[in-house]
Every structure is written in structure tokens, then in C-alpha cells.
Amino acid sequence: MERLKYVLKATKLYWGLALLFLVGVLSSPVSSKGNNIFLSFGNLSDVFRQISVTGITAVGMTLVILIAGIDLSVGSVLALGSVVCAMLLTNEGWSAAYFLGVPAVFLLAFLLLFGVAAFGLKLQSRFTNSTHDNPPANSKVAAILVLVAAFAIALWIASSSDAKAGVLLVLLVVPAVGFMLGTVNGLIIVGGRLQPFIVTLAMMVAGLGIARLTAGQNTAVWPVYTGSNATENFEALRSLIFGIVPVPGVIFAGIIVLFWVVLKFTKFGRYVYAIGGNEEAARLAGVPVWRVKITVYAISGYLAALAGILYVAQYRQGKPDAGMGLELDAIAAVVIGGTSLMGGRGSMIGTLVGVLIFGFLSNILQLNNIDSNTQLVLKGVIIIVAVLLQERRSSGWLFFLSQLRVRNQPDRSVQNQQVDRQRHGE
């Protein structure tokens, strides 16, 4: 019996998803041919396509919340990414998109190549006889080579401005812009020792302003029409594999698997959980706290901008306010998935389930023509309930209710005194 209780408790999130799916099946309207609309391939494909943008952003948010942080800037980063993506696809010549993209690519390329070079030098010193080598000289040569290589990549990006960008160039430049903004978030949080809420709130506002300035003061939307003002190959990012599985859903699934592996099997993943559990203890244990924090915020920005590309592919436009409210959806999905806002507890599989719950809930409400304002109220209630369950506060509510019952009951001693007075009076 105890084992059954443990299994039910451990799998309660999956039971919630299964129950919601069953509600969707039972409450779904039927088509003119009598088919269940909720279970149709077209509807389920649309659900997976729609959750991909929020889901990819939620992956980065999971990492941030695991270290007991928060990132309110992901919506603005996604919006900026969508604008930069649309401008690269439709514009010829140097523009504000390249002004942001070239330095961002240089930064990302330098850090990645520097990390690879440092890892290579560490392996060399471990497996070779270091008495005949000069490690400082090797490090200097590696740093110079990395700098030259990163500069060459940035120069290649800049030289591509003569023509409209292709899919590869967009996939290189746009996420790099998000990576740069995420790195700025991390540097200010760590270097300035400021609360993540304040820093990312400031970046949320600044990111919105940067997106509007990049798009142009009087530009509300950058339309993208594949095969007309943009390359037709970009259509691949919104296509269906075998006519069933949407490409954005596959990308989201791949990112979930990648970071599940990172959290479960790598040293970086153990560092993330350690910092979220007890940052001071992690620092005393030798964990490079500041590097891990900066990396986590950089990854969050990278994934948010990547989601901006999928937004453009899905809606055929870039908008400075495209990500408005996205940060709340991402946080809600992460919390519903069981990740603690206090940090140190959660998983990517839980985030996947949380995103699916959010996606199926929205789809069920839309299929049943529920008013959009009512949808927001229901989502808010579900978030509160999920937080109460995940943070295990039910015992506190039981204590609160028990105290209310005690207060409403009359005092027995007062009742006994009244009875004694009545008897003496008789």
C-alpha cells in the first residue's frame, strides 16, 4: 500500500495530463463527418506547433528557476529575435539587424571556441608529458587563434548583408542576439549582486525598446512571405514531417532531450542543482557559481531568441511586441511541471508535461468556444493550485481550516459555567 501511494505521488503530474487529455476527448465537438476534433491529427499537430514557442522558452526558464532565479526578459528577447529574423530575411544591405547580430555572433563564437580550446589544452596536459611543453605559451597561441577565428566568422556574417539572409544565417545570428542579452543579464546579476527579478525586469523594458528601435519607430510589423520577399527555404521551419509532425514540435522535443541529458548526466547539470539547493554551500564546495549563473542566463536568452525564429515561421511576421506575456506562460508551465520556485528541484520532463498541460488546456477551451477572459481566469486558478501542490502547502491549509473550526465552536468551559448557574438558580 505504501509503495502504491509513493507511485501515485511520484506520477501525479502525469495523471493530471492524462485526466486533462481525457477531458479534451470527452468535451470535444465533432466534425460534420462525426469525427472527434480534439483527436484529429490536424488538431494535435496544431497543439504541438503552438506549444513549441512557449516550450523552448520554458526550457531556458527551467534552468533559471533551478538556480533560484527568474528571467522576465524572455518575452522581449523573443520579440527582438522575431524582428531581427524578419529583417534579415527580407532586407538587403546593412541594417540594424546586422548592427546587433555581428557583435553577438562574435561574442558567441569567441566563447564557444575558447571553451573548446580550453578543454583541448586540459586534455593535452593530462595525456601528454607536460615537462616539454609550455602551457602559458600554448594558452596565448590558442587565445589568439580563437580571437582570429571569431573575428573571421563575424566578418563573414557582415559580408552576407549584400543579399537577403537564408535559413542558416538566420539560425546563426538571431539566437546569438538572445545569447548576448542573456549574458548581459547574467553579468549584471553576478557582478552587481542584484536581484534577478529587478535586472530581468529592466531588460524586459529595455528589450522592448531595442526591438522597436530596430524595427523602426513607425513599424509595427515586418511581414515575411516565403517565396516572395523572403527565401522559400524558410518554409521548412513550419512544415510537417510525413504530413503529421510539425518541425517546430520536433525542434522543441530535441531541445528538451538535450537539456534533460545536460541536467542528468553532466557536471554542469549537477552544478545547477547545487546552486539552487544552497548557493553558499555550492560555492564553498568549489562550484564556479558566477560562471554557471551567467551561462544559465545566456542559454535562456539564446533559447528565447530561437523561439522568435519559430514565431516568425509560424505567424509570417516579426513584431516588436510579439512576446508580450510569454514570460508568464513560460514560468507557469515550469511551475506546473513541478520545478520549485525556490530552486534546486525540478526536471525537464516535468517542464515538458507542464507545457503540454498548458497547451491542451488552451486547445480544449478554444474548441469549446470559451471566452478568452474566462480562459485567463482558469489558467490563473490552475497556476495557483499547481504551486500549492508542488510546494506541498496543503498541510498549512489544513491547519488554517482547523483553526477556523476551533474559533467557530463555542468554548466548552463557558457552556459549563452557564449550566452551573442555571442549576443554582433553580
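Above: the structure in question.
What counts and how
The residue numbering used here restarts from 1 in each chain and proceeds along that chain's sequence as written. Selection of residues for local features in this predicted model requires a pLDDT of at least 70, selection of side-chain atom pairs for listing and counting requires 80 or more, and totals for whole chains, interfaces and linings are taken over all residues. In computing side-chain properties, one takes all heavy atoms of the structure into account and sets aside hydrogens as well as water. Every helix listed is a DSSP run of H or I at least four residues long, and every strand listed is a run of E at least two residues long, numbered separately from the N terminus. Note on exposure labels: buried denotes an accessible area under 20% of the residue type's maximum, exposed denotes more than 50%, and partly exposed covers the range between, all computed with a 1.4 Å probe on protein chains only. Should any heavy atoms of two residues lie within 4.5 Å, those residues are considered in contact. Note that accessible areas follow from Shrake-Rupley with a 1.4 Å probe, and for residues the cover is restricted to the protein chains shown. Only buried residues count toward a nonpolar core, which is a set of Ala, Val, Leu, Ile, Met, Phe, Trp, Tyr and Cys residues joined through side-chain atoms within 4.5 Å. For this analysis, a ring pair means two rings from Phe, Tyr or Trp (six-membered ring only for Trp) whose centres lie within 6.5 Å, classed as stacked if their planes differ by under 30 degrees, edge-to-face if by over 60, and tilted for the remaining angles.

Draft legend 1. Quick look at the overall build of the protein chain. Along its length, the protein chain carries 17 helices and 4 strands. The proportion of buried residues among the 426 residues of the protein chain is 42%. A fraction of 77% describes how many contacts in the protein chain between residues 6 or more apart in sequence connect residues 24 or more apart. Here the protein chain displays about 22900 Å² of accessible surface, and carbon together with sulfur accounts for 65% of that area.

Draft legend 2. Expanded view of the nonpolar core. By size, the foremost hydrophobic cluster in this structure holds 107 residues, and its most contacted members are Leu88, Phe234 and Phe259. Sort the elements by how many residues they give to this core and helix 12 (residues 289-315) lands first, with 16 residues. If we skip the residues at most four places from it in the chain, phenylalanine 234 touches Cys85, Leu89, Val167, Thr226, Ile309, Val312 and Ala313.

Draft legend 3. Looking closely at unusual backbone geometry. The phi dihedral of arginine 316 falls on the positive side, at around 60 degrees, and the residue is not glycine. Residue placement: arginine 316 occurs in the loop between helix 12 and strand 4 (317-318). Exposure remark for arginine 316: the relative accessible area of 30% places this residue in the partly exposed category. The phi torsion at asparagine 369 lies on the positive side, around 55 degrees, for a residue other than glycine. Within the element layout of this structure, asparagine 369 appears in the loop between helix 14 (348-367) and helix 15 (372-390).

Draft legend 4. The packing of aromatic side chains, seen in detail. Under the defined criterion, the tally for this structure stands at 8 aromatic pairs. Judged by centre distance (5.8 Å) and plane angle (55 degrees), the rings of phenylalanine 38 and phenylalanine 360 are tilted. With a gap of 322 residues between them, phenylalanine 38 in the loop between helix 2 (12-27) and helix 3 (41-66) and phenylalanine 360 in helix 14 connect regions that are remote in the sequence. Pair check on accessibility: phenylalanine 38 and phenylalanine 360 agree, each one buried. These aromatic residues form a ring-pair network of at least three members: Phe21, Phe38 and Phe360.

Any functional reading would require information beyond the geometric quantities listed.
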